[in-house]
Amino acid sequence: MKYTLRNTLALASGLIVSSCLAWAHHGSAISYDTQHLWTTWATVTEFNYLNPHPSMMFDRTDKNGKVEHWVSELLTNPSELARAGWTKSRSIEALKPGTRVKLYVGTSRVGGRSGIVMKIENEKGENIVGVRGNLTAVDMEGVPGGLQPGPEDQKVPDNDKK
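Notes on the nonpolar core
Argument step 1. Counting 20 residues, the largest nonpolar core has Met56, Leu95, Leu103 and Ile120 as the members making the most contacts within it.
Argument step 2. Of all the secondary-structure elements, those providing two or more residues to this core are strand 1 (37-48), strand 2 (55-61), strand 3 (67-74), strand 4 (100-107), strand 5 (114-121) and strand 6 (127-130).
Argument step 3. With four residues, strand 1 is the single largest residue contributor to this core.
Argument step 4. Core analysis: the next-biggest nonpolar cluster, separate from the first, contains five residues, Tyr32, Leu37, Tyr104 and Met118 among them.

Given below as structure tokens:
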């Protein structure tokens, strides 16, 4: 009886913990507007090859010459990057501070200078990270604040919840 109760409690605890972990992972469309992507040229200021998603800080200059400091996470995770040949050392080298890149960004649903980077291209137009296919994005080069969500964009459509 004593072992059965202990085993039952251990199983119940394991189920609770694993369900909480599964529930904690979120889809990108909940936090970021991935339906309205925009592009901009930016300069990498910091890149971190981390789980569950690498992070990157970058600066972009608006048409008035004002530098905007942005924070972002990459849609892909390190295991996907490695399978595509982008190991930690290769990624860090390609995205070292000072590197100029073209970014495909989905802004945070709450606005501000935060977003998810869906794709990164170098100055030659070669894909560095992200989706290899064609993405539809609005060119927002030089537009202050990039593409900020309106009130209607801050609500997550039912088909975007993951």
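Don't stop here, the text continues.
Some thoughts on the pairing of strand 5
Argument step 1. Among the eight residues that make up strand 5, seven are buried, leaving the element largely enclosed by the rest of the structure.
Argument step 2. Where strand 3 meets strand 5, four bridges bridge the pair, whose relative direction is parallel. In the sheet register, Glu73 faces strand 5, and the bridge partner there is Ile116.
Argument step 3. With six bridges joining them, strand 4 and strand 5 adopt antiparallel strand pairing. Looking across to strand 5, one finds that Gly106 is bridged to Ile116.

Brief notes about the pattern of salt bridges
Argument step 1. In total, this model carries five salt bridges according to the counting rule given.
Argument step 2. A salt bridge links Glu121 to Lys119, with the nearest nitrogen and oxygen atoms 3.4 Å apart. Here the two residues Glu121 and Lys119 agree in accessibility, since each one is buried.

Remarks on the environment of Gly145
Argument step 1. As for its position among the elements, Gly145 is in the segment after strand 7 (137-139).
Argument step 2. Dropping the residues within four chain positions of it, Gly145 is found in contact with Arg60, Glu68 and Trp70.

Concerning the pairing of strand 1
Argument step 1. Note that strand 1 and strand 7 share three bridges and pair parallel. Bridge pairing in strand 7 links Leu37 to Ala137.
Argument step 2. Examined bridge by bridge, strand 1 and strand 4 share six bridges and lie antiparallel to one another. Its bridge partner being in strand 4, Thr40 is matched across the sheet by Leu103.
Argument step 3. Bridge analysis of strand 1 against strand 2 gives five bridges, and the strand direction is antiparallel. Bridging from a neighbouring strand, Glu46 pairs with Met57 of strand 2.
Argument step 4. Hairpin geometry of strand 1 and strand 2 is characterised by an intervening segment of six residues between the two adjacent antiparallel strands.

Let's talk about the environment of Asn51
Argument step 1. By secondary structure assignment, the location of Asn51 is in the loop between strand 1 and strand 2.
Argument step 2. Linking Asn51 and Pro78, residues 27 residues apart in sequence, is a C-alpha distance of 6.5 Å.

Here is what the cut-offs are and how they apply
- Residues numbered from 1 in each chain as written.
- Predicted model: local features only at pLDDT ≥ 70, side-chain atom pairs only at ≥ 80, totals over all residues.
- Heavy atoms only, no water.
- Core = buried A, V, L, I, M, F, W, Y, C linked by side-chain atoms within 4.5 Å.
- Buried < 20%, exposed > 50% of the residue type's maximum accessible area, 1.4 Å probe, protein only.
- Helix = DSSP H or I, 4+ residues; strand = E, 2+ residues; numbered from the N terminus.
- Pairing = 2+ DSSP bridges.
- Salt bridge = Lys/Arg side-chain N within 4 Å of Asp/Glu carboxyl O.
- Contact = heavy atoms within 4.5 Å.

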